[in-house]
Amino acid sequence: MRDAILKQAKRIVVKIGSSLVSSRETGLQPERIDRLADEIAAVRADGREVLIVSSGAIVSGIKKLALRDYPKSLPVKQAAAAVGQSRLMWAYEKSFERLGMKVAQILLTHQDLADRRRFLNARHTLAALIDFQVVPIINENDTVAVDEIRVGDNDSLAAEVAHLVDADMLVILSDIDGLFTEDPRRNPSAQLIPLITEINEDLERRAGASTTFEGTGGMVTKVRAAKKVGEYGVATLILNGQEPGLLPKVLSGGPGGSLFLAKERRIPSRKHWIGYTLRPRGTVTLDQGAVDALAKRGKSLLASGIVKVSGTFEAGDPVSCLNQDGKEFAKGLVNFSSDMLTRIKGLKTVEIQQQLGPQEYEEVIHRDNLVIL
Ligand code: GLU
């Protein structure tokens, strides 16, 4: 099963972690970039399409600006990213040019992905680049991204990109071998798991966070990325990018890394976007009847099932639906503002009409705009 999935993946998003292409001491690691470019060229020669999501801008900029420490202030971090991004691209440009391949720079923020028009626009641009056989090299637009509009880490950005381009596989290259039965730094007998069929809460909990100078994510963001793209039918492979030749070898069926299977039935792109790209502006807590109607019977959400409204939102905004335990189980686009919902929560449609006159919508969240998580 692992073999078949790896061999059949045609469109692949390869995320390259900071620790592979940059270092505190040297800034960038051009030999590593050359070696990874060679391997990506081999993967392409095998008839596949590759898009790269690369980190390393900030660390490269830190070196170039001769900063002593990782910057704490946002403007300095953004300055480092601006300086480092052009150097990073230059390194990729030179490296792929040796191989007769063209690259393109794409910088994205969460805001670009959360706006459906910009999302679709980015999708079309990337499709055109792939048609031109260019290798897109994507990073977060760190120089403008403040917290509210940031994706935040490149594992998550790579997951967004895998959805954006309808990839078959997400490959996360870092300095770790994959997912282990236990933390290998603490327990030397921990074993690498070659195939993960289901990402449950236990597995998510065990993927403890780790942070190094170069990297931001650790295992947690990788497992989260795998879960996110898995819902969209995209498998995720976590591989150690320090090991020469591993990427082409594993993709042609060899051993190494951890492969996370995707869900067999993938949710449509727009629903995935509502469920996994958009950030909720508020929450509605539902009674058990409404939870069952949504989760089990595929119904729309009506005001009568809402017991509590939190946050400030407008009609059209994304909100989370919580069950009686306060756990998020669905997400959707609301047809009413939080003010209005506070007035009509718990009421039946006729009662709403009697009290407030006819409304444009009966449903608070229409099932077409609702995703069960
Ligand atoms: N965008 C950041 C950079 O290029 C990296 C973020 C990450 O590694 O998660 O430095």
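All of the points below concern the structure found in this document.

Reading the values: rules and limits
Residues numbered from 1 in each chain as written. Predicted model: local features only at pLDDT ≥ 70, side-chain atom pairs only at ≥ 80, totals over all residues. Heavy atoms only, no water. 1 Å grid on protein atoms, 1.4 Å probe; cavity = no way out; pocket = protein on both sides within 12 Å on 5 of 7 lines; lining within 4 Å. Points joined across faces, edges and corners; volume = space filled by probe spheres on them. Helix = DSSP H or I, 4+ residues; strand = E, 2+ residues; numbered from the N terminus. Nonpolar A, V, L, I, M, F, W, Y, C, P; charged D, E, K, R; others polar. Polar contact = N/O pair within 3.5 Å; in protein donor to acceptor, adjacent residues only side chain to side chain. Pairing = 2+ DSSP bridges. Contact = heavy atoms within 4.5 Å. Buried < 20%, exposed > 50% of the residue type's maximum accessible area, 1.4 Å probe, protein only.

Before going further, it helps to examine the layout of surface pockets. Gaps between atoms show up when a probe of the same size as a water molecule is rolled over them. Considered as a void within the structure, the largest pocket measures approximately 1300 Å³ in volume. Lys227, Glu231, Gly275, Tyr276 and Leu373 are, among the 44 residues lining the largest pocket, the residues nearest its centre. Listed by contribution, the elements that provide at least two residues to the lining of the largest pocket are α8 (154-164), α9 (201-206), α10 (218-230), α12 (269-277), α13 (288-295), β14 (328-333) and β15 (370-372). When residues in the lining of the largest pocket are grouped by element, the largest group, five residues, is from α10. Residues of the lining of the largest pocket, tallied by class, amount to 17 nonpolar, eight polar and 19 charged.

This brings us to the side chain of Asp317. Relative to the assigned elements, Asp317 resides in the loop between β12 (306-311) and β13 (318-322). Among the polar contacts listed, one links the side chain of Asp317 to the backbone nitrogen of Glu314, at a separation of 2.8 Å.

With that out of the way, let us pick up the sheet that holds strand β10 (residues 258-260). The eight strands lie next to each other as β5-β6-β4-β1-β7-β9-β10-β8, forming an open sheet whose pairing is mixed. Both edges of this open sheet fall to β5 (103-108) and β8 (195-196), since each of them pairs with a single strand only. Both strand β4 (residues 49-54) and strand β6 (residues 135-140) contribute to a ladder of two bridges, which runs parallel. The residue of β6 that forms the bridge with Val53 is Ile138.

The next subject is the environment of Val284. Considering the arrangement of structural elements, one finds Val284 in strand β11 (residues 282-286). Taking C-alpha positions, Val284 is 43 Å from Asp131, a pair spaced 153 residues apart along the chain. When neighbours within four sequence positions are excluded, Val284 is seen to be in contact with Leu301, Ile306, Lys308, Val309, Ser320, Cys321, Leu322 and Leu341.

This next bit is on the pairing of strand β9 (residues 235-240). Extensive coverage of β9 is indicated by the burial of six of its six residues. Residues Ala235, Leu237 and Leu239 point to one face of β9 and Thr236, Ile238 and Asn240 to the other, with burial holding for every one of them. Here six bridges tie strand β7 (residues 169-174) to β9, and the two strands are oriented parallel to one another. In the sheet register, Ser174 faces β9, and the bridge partner there is Asn240. Sheet topology places β9 next to β10; three bridges connect them, and they run antiparallel. The residue of β10 that forms the bridge with Leu237 is Leu259.

Walk down a regular strand and you will see the side chains alternate between the two sheet faces. For β14, the buried fraction is high: five of the six residues fall into the buried class. The turn linking β13 back onto β14 is made up of five residues, and Gly326 within it adopts a positive phi angle of 80°. Pairing analysis gives three bridges linking β14 to β15, with the strands arranged antiparallel. Directly across from Gly332, in β15, lies its bridge partner Leu370.

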